[in-house]
Amino acid sequence: MSRTYWAAGAAVVVAALFAVGATVATANGGDGDDGSGSSSRAPGLYSADAGFARDMAVHHQQAVEMSFIVRDRTQDEAVRSLAYDIANTQANQRGMLLGWLDLWGLPKVVADEPPMSWMGSGGDGHGTSGQGMSGQDMAGHDMGGATTKPGALMPGMATKEEMDRLRTAQGRDAEVLYLQLMTDHHKGGVAMAQGCATQCATPAERKLAEGMVAAQRSELTLMADMLKQRGAAPRA
């Protein structure tokens, strides 16, 4: 149990350090950043930078919601501690992403932009039209082991039915379902963050995305161990 607590704490510390680094880079204008969350100019409406910020903000919001749900469905301190760490870290990162959109003068929602359309755009971060995958292309598309399930918005995200199951589960059943859903969620998040780390033009945003990859991979290892302790495993 002490190993579980240590791993949970280490994962959130990694996430916090990368988030702080991204914030400092933005504030100081490091790596070519002008201090406003942009490089030489603000990213375009359909750029990878803006698309990732919008999509990951939505992706993170569901992780925060799932984490608060499970804290009310179990008394297991290891799961509750992990859920608190995930909720706290991803809520903070979501605030950074939405803050950058405000600084760039860009909307948080674009009606004609399908989820994940910025992936594979190959743009310079300042484009005005998306050339990535459409919403239809993403359905069932494999992104390093993460898929967009029918009824889900983005890779790794839970469906409405799965969220409803989590809300009604209790004890070990809630713990196992949360860990399985969050494992899927993190796999999708890692794939998305890797996309930004490769395609985003804003240095501070790339640093944040790299931090997400490192922290969520650490938590994936932890959650696999926690599932094993409960006689379960990640879903295929």
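Up top is the structure these notes are about.
Residues numbered from 1 in each chain as written. Predicted model: local features only at pLDDT ≥ 70, side-chain atom pairs only at ≥ 80, totals over all residues. Heavy atoms only, no water.

Undergrad: For the packing of aromatic side chains, give the residues involved together with the corresponding values.
TA: A full pass over the atoms with the stated rule returns 2 aromatic pairs. Between F52 and W118 the ring centres are 5.6 Å apart and the planes differ by 80 degrees, which places this aromatic pair in the edge-to-face class. Of this pair, F52 sits in helix α2 (residues 48-71) while W118 sits in the loop between α3 (77-103) and α4 (135-138), placing them 66 residues apart in sequence. Residue F52 is classed as buried on the basis of its relative accessible area of 0%. Residue W118 is classed as buried on the basis of its relative accessible area of 1%. The interplanar angle of 20 degrees and the centroid separation of 6.4 Å between the aromatic rings of W100 and W104 together place this pair among those described as stacked. With relative accessibility at 4%, the residue W100 sits in the buried group. On the accessibility criterion, W104 (7% relative accessible area) is buried. (Phe/Tyr/Trp six-rings, centres within 6.5 Å; stacked < 30°, edge-to-face > 60°. Helix = DSSP H or I, 4+ residues; strand = E, 2+ residues; numbered from the N terminus. Buried < 20%, exposed > 50% of the residue type's maximum accessible area, 1.4 Å probe, protein only.)

Undergrad: Describe the state of the cysteines, naming the residues involved and giving the relevant values.
TA: Within the structure shown, the criterion is met by 1 disulfide. The disulfide that involves C196 links it to C200, with 2.3 Å between the sulfurs. Judged by the sign of its S-S torsion, about -120 degrees, the cystine formed by C196 and C200 is left-handed. In this structure C196 comes out as buried when scored by relative accessible area, which is 0%. (Disulfide = S-S within 2.5 Å.)

Undergrad: Give me the pattern of salt bridges: which residues, what numbers.
TA: The final tally for this structure, using the stated rule, is 12 salt bridges. Its salt-bridge partner being R235, residue E162 comes within 3.1 Å of it at the nearest N-O pair. Placement of E162 in helix α5 (residues 160-168) and of R235 in the segment after α7 (203-229) is noted, with a sequence separation of 73 residues between them. When its relative accessible area of 24% is taken as the criterion, R235 is described as partly exposed. Salt bridges here are not isolated pairs; linked through shared partners, they connect E65, K160, D164 and R167. (Salt bridge = Lys/Arg side-chain N within 4 Å of Asp/Glu carboxyl O.)

Undergrad: So what's going on with the packing of α3 against helix α6 (residues 171-199)? Residues and values would help.
TA: At a closest axis distance of 11 Å, the pairing of α3 and α6 adopts a crossing angle of 35 degrees. α3 and α6 meet at a crossing whose hand is left-handed. Contacts between α3 and α6 pair V79, L82, A83, I86 and Q90 from the former with E175, Y178, L179, M182 and H186 from the latter. Residues that form the contact of α3 with α6 fall into these classes: 7 nonpolar, 2 polar and 1 charged. (Axes fitted to C-alpha atoms, helices over the stretch in contact; angles between N-to-C directions. Left-handed = near helix turned anticlockwise from the far one by under 90°. Contact = heavy atoms within 4.5 Å. Nonpolar A, V, L, I, M, F, W, Y, C, P; charged D, E, K, R; others polar.)

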